[in-house]
Structures are given as structure tokens and as C-alpha cells.
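# Descriptive structure summary
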Amino acid sequence: PGTSPTNADSLVFLVAFDEDVTGVDTADFAVNGATTSAVTNVSQSTASTYLVTISGGDLPAFNGTIGLNLAGSPSVSDLAGNALPTGEPGTDQTYLLDNTAPSLTSFTRSSPPSTPTNADTLVFTATFNESVQNVDVADFQVTGTDATVTGVSMTSGSIYQLTVSGGNLASFNGTVGINVAAGA
């Protein structure tokens, strides 16, 4: 993928040499990170660039940083036969893998902050254990009334304000709550 963090089951690194090279294969690279995944493929893009794939092992469940290193004795050489020296390049990017699903830690009353109330619009704060994305009104279900979540606004990556209004809320007497909708 082009972004990190990711939960991809296959990671592809673009390896760029400063000149055309030969002899590039999977044995020339090593995985850097506490994972059981391995370098599984090397494909040539140009004579000086290669795509190196890391996959397999525990990658689908792995949480942590994974990088790509040169093996201790790479077999890569330039077209004149000069061997690639060992060591790492100046640019050495990594992927942060996050395969743990987020969790919702709380719904709290935000506006009005006290109960009971006769407000026609209620605002709840939804707090997640980490930054999340794609949060919208369809992700939540109002309980106790036929009002609905009519708005969602992000306060931070892990905190969202949920506006509840409409339905019979203006004349409702009882307890109003909010839950995560099925299929959120």
C-alpha cells in the first residue's frame, strides 16, 4: 500500500539502485521486524528498480513495524560486475502494521450535559480507543425513541460528536440512549 499504518497482508517496497544492476532475487533481502513473514517475490520494474514483496507468516495478524533490509551478502552487481556493498541505503522506509480492530470506549452526554432534560436535540460524545475513519450517522442507533442520529462531527481522530434529533424527541418522555448499529 501507499500509506502507513496499514493492515495489508502483503507489503511491496520499491528498491532503487543508482545504476542498472543484475542478479537481484529474494535471497538479497531480509525482513526487518519481529515477524515470521518473508521476502516472497522480487520483480524488475526497470534495470535499476525492483519491487520486493513481503508476505506470509504472521503478517495478517501482525502489529508493529516492518522494514526491508539487504541480506548480509547480496548477489547484486552492476553491469560491469562490481558487487553491491553491504549496508543500508540513506532512505529506508518502513510500514507500521495495525491489525487490531478499534473499540468504542464510551458514549457520554455532551449537550445538554445533565439529565433530565427537555431538549429537542441531544449531543453524545463517542470516544474510541484509537483514531478511526469513515464514521457517519449510519454507524449508530438511537434507543428509547424514534429519533435518529442526524449528524456526526469529528472533534479529534478518536472523538466524535453525535447529534440526535427528530422523530418524537420533542414530545418524548423517557430514557434516550445510543448504541453502535449492526454492520457499523
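Everything numeric in this text was worked out from a predicted model, so none of it was measured. (Residues numbered from 1 in each chain as written. Predicted model: local features only at pLDDT ≥ 70, side-chain atom pairs only at ≥ 80, totals over all residues. Heavy atoms only, no water.)

Turning to the nonpolar core, a few remarks are in order. Grouped together as the largest cluster of nonpolar side chains are 21 residues, with contacts concentrated most on Leu11, Val24, Phe29 and Leu68. At the level of elements, strand S1 (10-16), strand S4 (38-46), strand S5 (49-55), strand S6 (64-70) and strand S8 (94-97) are the ones that each hand at least two residues to this core. If we ignore the near neighbours within four places in the chain, the residues touching Val24 are Phe17, Phe29, Val42, Tyr50 and Val76. (Core = buried A, V, L, I, M, F, W, Y, C linked by side-chain atoms within 4.5 Å. Buried < 20%, exposed > 50% of the residue type's maximum accessible area, 1.4 Å probe, protein only. Helix = DSSP H or I, 4+ residues; strand = E, 2+ residues; numbered from the N terminus. Contact = heavy atoms within 4.5 Å.)

So, about the sheet that holds S6. Strands pair in a sheet through their backbones, by hydrogen bonds, and they do so in one of two ways: parallel or antiparallel. A sheet is described by the order of its strands in space; here three strands give the open sequence S3-S6-S8, paired in antiparallel fashion. A single partner strand is all that each edge strand has here, and the edge strands are strand S3 (29-32) and S8. Adjacent strand axes in the sheet meet at a mean angle of 25° when their direction is disregarded. Direction of pairing for S3 relative to S6: antiparallel, over a ladder of four bridges. When the bridges of S6 are listed, Phe29 appears paired with Leu70. (Pairing = 2+ DSSP bridges. Axes fitted to C-alpha atoms, helices over the stretch in contact; angles between N-to-C directions.)

Across the seven residues that make up strand S10 (residues 122-128), a large majority, seven, are buried. Covered by surrounding structure in S10 are Leu122, Phe124, Ala126 and Phe128 together with Val123, Thr125 and Thr127, the residues of both alternating faces. The sheet contact formed by strand S9 (residues 104-111) and S10 spans six bridges and is antiparallel. Within S10, the residue paired with Leu104 across the bridge is Phe128. Pairing analysis gives six bridges linking S10 to strand S13 (residues 159-165), with the strands arranged antiparallel. Considered in S13, the bridge of Ala126 is made with Tyr160.

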